[in-house]
Amino acid sequence: MNELPQQLVNGLLLGSMYGLVAIGYTMVYGIVQLINFAHGEIFMIGGFGALTIYLYVLPDGTTMWVALPLMLLGAVIAAVVVAVGAERFAYRPLRTAPRLAPLITAIGLSLALQQAVWAWYPGAKESINFPEIDGGPFEIGSVTIQTGDVFLLIAAPISMAILAYFVMKTRTGRGMQATAQDPDTAKLMGINTDRIIVVAFALGAVFAAVGAVAYGLKYGQVQFRMGFILGLKAFTAAVLGGIGNIYGAMIGGLVLGIAETMATAYISDVPGMEQLGGQSWANVWAFVLLILVLLFRPQGLLGERVADRA
C-alpha cells in the first residue's frame, strides 16, 4: 500500500486527460443530441497538428519550453478546423434526419480521418516520436511526477476554470445553455443556434487538442489510431459523469482514470484473479465500470442534463 499515493496521482492524471476529451462529447450531445464518434479522431489530429509545428515550422534546436505554446496553438487550430468542417459539411445537413443517420456518419467520418492521416502524413504508418520536455522527474514526498505530466497537471484545472467561466458568465455560454434546454425557444429569443452549435464543436475540439498534447508528452509518441480507444474511454467518462453534463464529464474522467489505474495495479493481488491485472487489462476494467454504472445508475454520477423535447 506504500504505492497508493503514487497510483492515485497516476489515476488523477490519466483521468484528467480522459475528462478533457470527454468534454467534447458531452457538449455536442447536450446541444444537438449527437454522439460524435469522430471526436477521438479530432483528438488525434490535434496531436499531429502539434507535431507538425515542431517538425516543420520551428527551427532546429528550439527548446520545448519555447515550442510548447506554439505546438498547443497548432494542435488547437488543426482540431478546430476539422471539427468545424465536420459540423458544417457532415452533420448540419443531417440535423433533421433520424438520429441513426448522423451516428453512422460520425463512424464513417472517424474511419475517413484515420485513413487520411495514415495515407498523407509523412511517417504516420508507424508511431512518430513526440518531443520531450527537458528536466524532471519531480519528487513530491513519495509521489513521482514525470516531466510529461507537468503540462497536464497545469493545463487540466486551468482549462476547466476557463470553461466554467465561459459557460456561466459569457453571453455565448448562456446561449449554449438556452440552446441545450430548448433550441426552438432559443431561436425565438434571438439566439443564433447554428452559431452556438459551431461554438460547441470548436470548444470540444480545443479541449481535445489540449488532451492530445498531454497524450504526446505523457507517452512520447503519436500515431493515427491513438484516438480510437482513447475516444471510447472519453465517451465512457462522459456517460459515467452524466452525458450532457459538462462538469460530469471531468468527474467521470477522474473516476475512470483512478478506477483503471487501481484495477491494473491491485486486481492481481486478489486471490483467484492473478491473471486479470496489468496494463493489458486496463481497457477491460474501464468498460466493466461503464457496464456497472449503466446497470445501477444509468443517468450517470451527476445526472444527465438533457431537456425533454416534444
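The chain appears in an unreviewed UniProt entry as Branched-chain amino acid ABC transporter permease from Streptomyces sporangiiformans. Per UniProt, the chain has the following entry under Sequence similarities (unreviewed entry): "Belongs to the binding-protein-dependent transport system permease family. LivHM subfamily." Taken directly from UniProt, the Subcellular location (unreviewed entry) text for the chain runs: "Cell membrane".

### A few points about the packing of aromatic side chains
Under the counting rule described, the total for this entry stands at 8 aromatic pairs. Their ring planes at 65° and their centres at 4.8 Å tell us that Phe-48 and Tyr-121 sit as a pair that is edge-to-face. Of the two residues, Phe-48 sits in helix 2 (residues 39–57) while Tyr-121 sits in the loop between helix 4 (100–120) and strand 1 (128–129), which places them 73 residues apart along the sequence. There is no split in this pair, since Phe-48 and Tyr-121 are both buried. Seen from their ring centres, Trp-281 and Trp-285 are 6.5 Å apart, and the 35° between their planes marks the pair as tilted. Looking at Trp-281, the relative accessible area reads 29%, which means it is partly exposed. Counting every residue linked through ring pairs, the aromatic cluster contains Tyr-25, Phe-37 and Phe-235. A cation sits over an aromatic face here: Arg-88 above Phe-89, 5.6 Å from the ring centre. A cation sits over an aromatic face here: Lys-218 above Tyr-219, 5.8 Å from the ring centre.

### Quick word on helix 10 (residues 246–266)
Here helix 10 contains 21 residues, and its C-alpha end-to-end distance of 31 Å stays within 8% of the 30 Å for a straight helix at 1.5 Å per residue. Capping of helix 10 at its N-terminal end is provided by Asn-245; its side-chain oxygen lies 3.2 Å from the backbone amide nitrogen of Tyr-247.

### Remarks on helix 1 (residues 4–32)
Helix length check: helix 1 (29 residues) gives 41 Å between terminal C-alpha atoms against 42 Å at 1.5 Å per residue, within 8%. The sharpest bend along helix 1 comes to roughly 30°, located at Val-21. Most of helix 1 is tucked away: 22 of the 29 residues are buried. Positive phi appears at Gln-33, one or two residues downstream of helix 1, with a value of about 60°.

### Topic: the side chain of His-39
Checked against the element boundaries, His-39 lands in helix 2. The exposure class of His-39 is buried, given its relative accessible area of 4%. In contact with His-39, other than residues within four places in its own chain, are Val-21, Gly-24, Tyr-25, Gly-204, Ala-205 and Ala-208.

### Focus on the UniProt feature "transmembrane region" (unreviewed entry) in the chain
UniProt records the feature "transmembrane region" (unreviewed entry) at residues 12–35, 42–58, 64–86, 98–121, 150–168, 196–216, 247–268 and 280–296, using the numbering of this structure. The span residues 42–58 is 94% helix and 0% strand, and its two end C-alpha atoms sit 23 Å from each other. From the first C-alpha to the last, residues 98–121 spans 35 Å; its make-up is 88% helix and 0% strand.

### Observations concerning the packing of helix 1 against helix 9 (residues 226–241)
Running from amino to carboxyl end, helix 1 crosses helix 9 at an angle of 75°, the nearest separation of the two axes being 8 Å. Here helix 1 lies roughly perpendicular to helix 9, going by the angle between them. Where helix 1 approaches helix 9, its residues Met-17, Tyr-18, Val-21, Ala-22, Tyr-25 and Thr-26 are matched on the opposing element by Leu-230, Gly-231, Leu-232, Lys-233, Ala-234, Phe-235, Ala-237 and Ala-238. Among the residues making up the contact of helix 1 with helix 9, the classes are represented as 11 nonpolar, 2 polar and 1 charged.

### What to know about the environment of Leu-4
Position of Leu-4 relative to the elements: it lies in helix 1. As a C-alpha pair, Leu-4 and Tyr-91 span 87 residues in sequence and 45 Å in three-dimensional space.

Criteria and thresholds
- Residues numbered from 1 in each chain as written.
- Predicted model: local features only at pLDDT ≥ 70, side-chain atom pairs only at ≥ 80, totals over all residues.
- Heavy atoms only, no water.
- UniProt positions renumbered as here; feature names shortened; annotations may be inferred.
- Phe/Tyr/Trp six-rings, centres within 6.5 Å; stacked < 30°, edge-to-face > 60°.
- Helix = DSSP H or I, 4+ residues; strand = E, 2+ residues; numbered from the N terminus.
- Buried < 20%, exposed > 50% of the residue type's maximum accessible area, 1.4 Å probe, protein only.
- Lys NZ or Arg CZ within 6 Å of the ring centre and 35° of its normal.
- Expected span 1.5 Å × (residues − 1).
- Polar contact = N/O pair within 3.5 Å; in protein donor to acceptor, adjacent residues only side chain to side chain.
- Bend = angle between axes of the 7 residues up to and from the residue.
- Contact = heavy atoms within 4.5 Å.
- Axes fitted to C-alpha atoms, helices over the stretch in contact; angles between N-to-C directions.
- Parallel < 35°, antiparallel > 145°, perpendicular 65-115°, else oblique.
- Nonpolar A, V, L, I, M, F, W, Y, C, P; charged D, E, K, R; others polar.

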